[in-house]
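Single-letter residue listing:
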Amino acid sequence: MDTIDNIPAAETGTKPLGAARVGIGGPVGSGKTALIEQLLVHLAKRSISTAVITNDLVTAEDAERLRKGGAIDPARVLAVEAGACPHTVIREDPTLNIIAADQLDRLYRDLELTIIESGGDNLASTFSLDLVDWWIFVIDVAGGDDIPRKRGPGVLQCDLLVVNKVDLAPHVGVDLGRMLEEARSVRDGRPVVATNCRSGENVAAVADAIAEAVLVAR
Amino acid sequence: MNEDNAATILTALQHADSNFPSGSFAFSQGLEGLASLTGKRPGTDEITNFVREQIVHRWASSDRVALAHAYRAGDDLDRVAEIDEELDLSTFCETLREGSRRNGQALLATHVRFGTPGAASYRQRIDRDTATGTLPVVHALLWRRLGLAEEACVAMSGYGLVSSSLTAAVRLNFVGALTAQSMMPPLLSLVATYAGEPVAEDAEICGFNPFGEIAAMNQAGLALRLFSN
């Protein structure tokens, strides 16, 4: 009989060792899913075994989009419901994402990287470090060039800030150079990458940053 | 109040708190399906009746009984797993069944990281498909090992049902946050009534709440869903 007295020592610590976990958050429509679609191509080229967890606010649209995109085995994409609150599921109570990521670790023994996509949120969104090792925040130029100046916790605290849709800058009256300069300024020089996830421009730099931050050390 | 009693109450407050990471925020227990089932946004009476039925016809006769039996099984994890499976098999509605498992396993994940005795061992059983990890059984397993009495565990379980249901009602914007709090006392009073009735040794797990289960099944078919069930 298996009893409490003869169990092995309990696992402790804040995060078990498995695949590296990278969060990608940001406002609705900033291009999180598009970034992941492009990243999956780069990661596949580098033979990095990857899985994705999405946290759609409603339905599983982002998960379905990634499954149908052809850049990843559809079985490696899980959708976790956000319970009407995209903040909670990645920060205050990340347990449902933790068990989903644990499940992926058990299913795919070769897994090196699990990307956890937040539901569309606002500038106050941040990832719990109980859930992820490192995280990206995605904003876009069409959301306004004043976003970095607003100094939201997502913009300030993320490990990498991605400014997406740079091709739209001239069409929405945004001075891209100034926006990027202000982004670097409020982040005290920590990394900022400007991308166009529709064309794939600069997505390789994001893949490089992920590899450098969470894969090289493993 | 002596220090030990105060410490016990504070432990219960910590672990029954909706801020405790357990995954419960993502489950509406079918409440999200209620509006489309009745054709109108539910108000305080409809929500109160819905939660009341959950308490009387599901929690009191099913979850509470499973929790008490699992608590009394103590360190005999084979027996705990039997009760776990029985509760799982007796839950007819798939999304409620899966919800209880996922919620239980989410809570277990937190306690595995804490190193709570029994948590890692029971998760290994779930990984090996020799246990299911339903929420009430996981409650019994973990809370007993935190030194809480069976009666306290039952009360905390009932509180969790009421609290998470009304939180879901607020997030669905069926009622306001203040209104939700005003709805709590009579529902908690009902929980207290059942919590004060000891579960008989031969009590069977026998939940039957067709309206709530139909609402949960209806929720599973919604094109737009905010909650897991």
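Residues numbered from 1 in each chain as written. Chains lettered and ligands numbered in written order. Predicted model: local features only at pLDDT ≥ 70, side-chain atom pairs only at ≥ 80, totals over all residues. Heavy atoms only, no water.

### Structural notes on helix α10 (residues 210-220) of chain B
All names here are of chain B.
Right, on to step 1. Buried residues of α10: G212, E213, A215, A216 and Q219, and no others. Around the axis of α10, the buried residues are gathered within 160 degrees of arc, so they sit on the same side.
Right, on to step 2. Summarising the contacts, the buried residues of α10 are in contact with α2 (31-38), α3 (44-73) and α5 (94-114). (Buried < 20%, exposed > 50% of the residue type's maximum accessible area, 1.4 Å probe, protein only. Helix = DSSP H or I, 4+ residues; strand = E, 2+ residues; numbered from the N terminus. Arc of directions from axis to C-beta. Contact = heavy atoms within 4.5 Å.)

### Structural notes on the packing of aromatic side chains
Residues and elements named next belong to chain B.
Right, on to step 1. Applying the stated criterion to the full structure yields 4 aromatic pairs over all chains.
Right, on to step 2. Residues F50 and F211 carry aromatic rings whose centres are separated by 6.4 Å and whose planes lie at 70 degrees to one another, so their mutual orientation is edge-to-face. Here F211 lies in helix α10 and F50 lies in helix α3, a separation of 161 residues in the sequence.
Right, on to step 3. Since its relative accessible area comes to 4%, F50 is described here as buried. (Phe/Tyr/Trp six-rings, centres within 6.5 Å; stacked < 30°, edge-to-face > 60°.)

### Details of a nonpolar patch on the surface
All names here are of chain B.
Right, on to step 1. Together, L37, F92, F211, I214 and M217 line one region of the surface with nonpolar side chains, adding up to about 470 Å² of accessible area.
Right, on to step 2. If one sorts the elements of the nonpolar patch by residue count, α10 sits on top with 3 residues.
Right, on to step 3. Along the polypeptide, M217 turns up in helix α10. (Patch = residues over 30% accessible without salt bridge, like charges linked within 9 Å, V, L, I, M, F, W, Y side chains within 5 Å. Areas by Shrake-Rupley, 256 points an atom, 1.4 Å probe, with all protein chains shown as cover. Salt bridge = Lys/Arg side-chain N within 4 Å of Asp/Glu carboxyl O.)

### A closer look at the pairing of strand β5 (residues 134-140) of chain A
All names here are of chain A.
Right, on to step 1. Across the 7 residues of β5, 7 count as buried, placing the element largely inside the fold.
Right, on to step 2. Here strand β1 (residues 20-25) runs beside β5; their pairing, made up of 4 bridges, is parallel. Note that in β5 the partner of G25 across the bridge is F137.
Right, on to step 3. Note that β5 and strand β6 (residues 160-164) share 5 bridges and pair parallel. (Pairing = 2+ DSSP bridges.)

### Observations regarding a negative patch on the surface
Right, on to step 1. Among the surface-exposed residues, E85, E86, D202 and E204 of chain B lie close enough to one another that they form a single negatively charged patch.
Right, on to step 2. Relative to the helices and strands, D202 of chain B resides in the loop between α9 (177-195) and α10. (Lys, Arg positive; Asp, Glu negative; His and termini not counted. Charge placed at Lys NZ, Arg CZ, Asp CG, Glu CD.)

### Quick word on the confidence of the model for chain B
Right, on to step 1. Averaged over all residues, the pLDDT of chain B equals 94, while 100% of them reach at least 70.
Right, on to step 2. Confidence metrics for the complex model read pTM 0.89 and ipTM 0.88. (pLDDT = per-residue confidence, 0-100.)

### Quick word on unusual backbone geometry
All names here are of chain A.
Right, on to step 1. You will see that K165, though not glycine, has its phi angle at about 65 degrees, which is positive.
Right, on to step 2. Tracing the sequence through the fold places K165 in the loop between β6 and α6 (176-186).
Right, on to step 3. K165 gets classed as partly exposed once you look at its relative accessible area, which sits at 24%.

### A look at helix α4 (residues 77-90) of chain B
Right, on to step 1. Taking 1.5 Å of rise per residue, 14 residues should cover 20 Å, and α4 of chain B covers 20 Å from first to last C-alpha, within 8% of that figure.
Right, on to step 2. Tucked inside the fold, the buried residues of α4 of chain B contact α3, α5, α6 (119-127) and α7 (135-145) of chain B. (Expected span 1.5 Å × (residues − 1).)

### Description of the environment of N5 of chain B
Residues and elements named next belong to chain B.
Right, on to step 1. Its place among the elements puts N5 in helix α1 (residues 3-16).
Right, on to step 2. With a relative accessible area of 42%, N5 lands in the partly exposed category.
Right, on to step 3. The spacing of N5 and L148 is 143 residues in sequence and 11 Å in space, taken between C-alpha atoms.

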